[in-house]
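Each chain is listed here by its residues.
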Amino acid sequence: NRAPSFLINESFLDYEEEKSLYFYPATDVFVRDAEYFLPMTKGYTALGFHLNPSFAYKINDKSRVELGVHLTGIAGDKKGIRRVLPIVRIEYKPVKWLHIIGGTLYGNLSHQLYEPMYDFDRYFYSNQEMGLQILTNTRYWDGDIWCNWEQFIVPNDNFQEKFTFGWKNNLKLPLEKVELSIPIDLMANHRGGQFTALKDTCIETLINFATGFKSKFIGNNQIHFTAEIPLFFFKNQSNEEHIHTTFHKGWGLYPMFTIQNNPHKYTKNQWLVNLGFWYGDKYISGRGSYLFQSRSLFDISYQKPIRKMATAKANYCHQYKGLKLGVEFQAYYDIEENGIDYAAGIYLNFNRGFKVISIK
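Residues numbered from 1 in each chain as written. Predicted model: local features only at pLDDT ≥ 70, side-chain atom pairs only at ≥ 80, totals over all residues. Heavy atoms only, no water.

Caption draft 1: Quick look at the packing of aromatic side chains. Per the counting criterion, the structure on display carries 22 aromatic pairs. Here the aromatic rings of Trp-251 and Tyr-279 are separated by 5.5 Å at their centres, their planes lie at 45°, and the arrangement is tilted. With Trp-251 in strand β12 (residues 249–253) and Tyr-279 in strand β14 (residues 269–281), this residue pair connects regions lying 28 residues apart in the sequence. Judged by relative accessible area, Trp-251 falls into the partly exposed class, the value being 33%. Judged by relative accessible area, Tyr-279 falls into the partly exposed class, the value being 25%. Through successive ring pairs, a cluster of aromatic residues spans Phe-6, Phe-30, Tyr-44, Phe-120, Tyr-123, Phe-124 and Tyr-347. (Phe/Tyr/Trp six-rings, centres within 6.5 Å; stacked < 30°, edge-to-face > 60°. Helix = DSSP H or I, 4+ residues; strand = E, 2+ residues; numbered from the N terminus. Buried < 20%, exposed > 50% of the residue type's maximum accessible area, 1.4 Å probe, protein only.)

Caption draft 2: Seen up close, the environment of Thr-246. Considering the arrangement of structural elements, one finds Thr-246 in the loop between β11 (224–236) and β12. The exposure class of Thr-246 is partly exposed, given its relative accessible area of 49%. Here the alpha-carbon distance between Thr-246 and Pro-305, two residues 59 residues apart in the chain, equals 9.6 Å.

Caption draft 3: View of unusual backbone geometry. Of note, the phi angle at Asn-108 is positive, near 60°, even though the residue is not glycine. Inspection of the secondary structure puts Asn-108 in the loop between β5 (98–104) and α1 (122–125). In this model, Lys-282 sits at a positive phi of 60°, which is unusual for a non-glycine residue. Within the secondary structure, Lys-282 sits in the loop between β14 and β15 (306–320).

Caption draft 4: Structural context of the side chain of Asn-170. Tracing the sequence through the fold places Asn-170 in strand β8 (residues 161–174). You can call Asn-170 buried: its relative accessible area is 11%. Residue contacts for Asn-170: discarding those within four places in its chain leaves Tyr-140, Trp-141, Asp-142, Glu-179, Ser-181, Ile-182 and Pro-183. (Contact = heavy atoms within 4.5 Å.)

Okay, structure coming up:
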């Protein structure tokens, strides 16, 4: 329930035929209106698309290779195509529960991190991730460990290298009608580098960690009720001379309640409603939403050590033969400011493969 199902990417390795070439004209068209007026961040309106055409060849039942291109375009943008990146992905699944991905990751919102650790809006302006990823899926443990190398440098570059390391875990005890679980999420954001030509370079490492308790109950008609109490921690792990954040460490608490219908990926109509309350104390996140942080994105002099905020989210998805129509709404009521930030989006997503040829 951490991100709408229609914005999550997954592998097709298990569904493709061996020694066959597939074409994926993956496309996501979106309309996103973020009405953020409170001091922590600012809103925007974007009508655009992500286009990810690619060819994939399944080598055998355990591996595949995929090549393509990622394009991001925003209506009214003078650049036309804002981002052009290669899609290069090699997948290997030596056993059923272990999945290794090199190159273009199944990342972004697909990591399913909490919003205080990973900003929902990064889906629009930082959609692709490149590096190494290991996924695990067992009866009692789901895991996602990855390294996203965001900025590479060579000698005399006048900018810094940047990368993100993440490790998401879900330890679960599935019973007949109830699933009890413990989320354990870790994210480290680093910038620095020895090759940069910048003087007085800030070598910074920010650490975010989350854990807590989650209980999911399956009621009649496959309606799922989920209560969770995640606890968040922040620490600036940089050397003392490189600490430039106002707060060196902090924490947050985000109890939530969710009701949704059967979240299985093949369910034709999916809906979800989520209510929560955020309490933050000097909390900062390298990739999290500024709506939850104790510092402002656009005004570095504005800080609020204590944050109290009620949240409400809802989304709906209708899918048919690879085509998904999704809508979502988010609202954030800041108790101290006595004001509301809110956002809404409409999405049309197509992600289905077409077999081109079998190569024996």
